[in-house]
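What follows is each chain in one-letter form.
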Amino acid sequence: MMKRRIVIKDEWPGHSVDLFTYPEHYHDDIESVYIPHGVIMDRIECLASSIQQDFEDHLVVLCVLKGGYKFCSDLVDFIKVLGRNSGKYLETRVEFIRLKSYLNDRSTEELHIIGSPDLSFLRGKSVLIVEAMIDTGKTMTALLKHVVTFEPKMVKVAGLLVKRIPNMAETLLDYVGFEIPNLFVVGYALDYNEYFRDLNHICVISRTGKLKYKV
Ligand code: HPA
Ligand code: MG
């Protein structure tokens, strides 16, 4: 069954940039505000509520860097607030993993974990993998396979954005924020050659921006 999510249609042009504030240094670099920060936050609050209901007493969050850091941070904050206000508080531990699924300019099926690949602390734990962007699902499939070898009690996956791509491995995901067309977006920790992570909205880059930060 397809998980509930906000579906953004192919025709959605985004909001005009001058309806929002954003860092001055990105003036001219953004085509449109695709998902405003406030909407992202409201959606994450809702995901946090589902997660808070689904997990028992503890939660090990495995944050996929770098793109997942904002999503992870805001999601965990919401889970903590819900816990304090509901009497069901999940003991939460946050761990980080950095992945490289691209080798040179090509996507690979091999999973390259940067940093400590020893995830033995996951044994017997309820794990939530938190990833900002899922496109082909290849990386997530490989990561899940790897995580399962450490014998966690259960593993669930939260993706803030999922691209509408044919044959996407939909079943990988337990919590989805937004489904978007297959286009390149930045902001809210998602980058274009390391730029735009400091933008709070999720945006589409302009031609000028693409050229300016091209490598
Ligand atoms: N934005 C940023 N990083 C990405 C994207 C995207 O749309 N897709 C895969 N990595
Ligand atoms: Mg990137």
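Right above here is the structure, for reference.
Residues numbered from 1 in each chain as written. Chains lettered and ligands numbered in written order. Predicted model: local features only at pLDDT ≥ 70, side-chain atom pairs only at ≥ 80, totals over all residues. Heavy atoms only, no water.

Student: Got a minute to help me understand the site of ligand 1 in this structure?
Tutor: All residues adjacent to ligand 1 are Met133, Asp135, Lys163, Leu183, Phe184, Val185 and Asp191. Contact between ligand 1 and Lys163: an oxygen atom at 2.8 Å from a side-chain N or O atom of the residue. At a separation of 2.5 Å, a nitrogen atom of ligand 1 approaches a polar backbone atom of Val185. Across the shell around ligand 1, the residue classes tally to four nonpolar, no polar and three charged. (Near = heavy atom within 4 Å. Polar contact = N/O pair within 3.5 Å; in protein donor to acceptor, adjacent residues only side chain to side chain. Nonpolar A, V, L, I, M, F, W, Y, C, P; charged D, E, K, R; others polar.)

Student: How should the pattern of salt bridges be read in this particular structure?
Tutor: Think of it this way: side chains of opposite charge can pair up when their charged atoms draw near. Inspection of the entire model under this criterion finds ten salt bridges. Arg5 is paired through a salt bridge with Glu179; the nearest N and O atoms lie 2.6 Å apart. Of the two residues, Arg5 is situated in the segment before strand S1 (6–7) and Glu179 in strand S8 (residues 175–180); the sequence distance between them amounts to 174 residues. The exposure class of Arg5 is buried, given its relative accessible area of 11%. Of the charged contacts, one joins Arg197 and Glu194 as a salt bridge, the two residues approaching to 3.0 Å between their closest N and O atoms. We classify Arg197 as buried; its relative accessible area is 16%. Since its relative accessible area comes to 42%, Glu194 is described here as partly exposed. Residues joined by salt bridges that share partners form a network here, namely Arg5, Asp10, Arg164, Glu170 and Glu179. (Salt bridge = Lys/Arg side-chain N within 4 Å of Asp/Glu carboxyl O. Helix = DSSP H or I, 4+ residues; strand = E, 2+ residues; numbered from the N terminus. Buried < 20%, exposed > 50% of the residue type's maximum accessible area, 1.4 Å probe, protein only.)

Student: Before we go on, may I ask you to explain helix H2 (residues 69–86) in this structure?
Tutor: Note: α-helices contain 3.6 residues per turn, so residues at a spacing of three or four share the same orientation. With 18 residues, H2 extends 26 Å between its outermost C-alpha atoms, agreeing within 8% with the 26 Å of an ideal straight helix rising 1.5 Å per residue. Listing the buried residues of H2 in full gives Phe71, Cys72, Asp74, Leu75, Val76, Phe78, Ile79 and Gly83. One or two steps after H2, the chain reaches Gly87, where phi turns positive at roughly 85°. (Expected span 1.5 Å × (residues − 1).)

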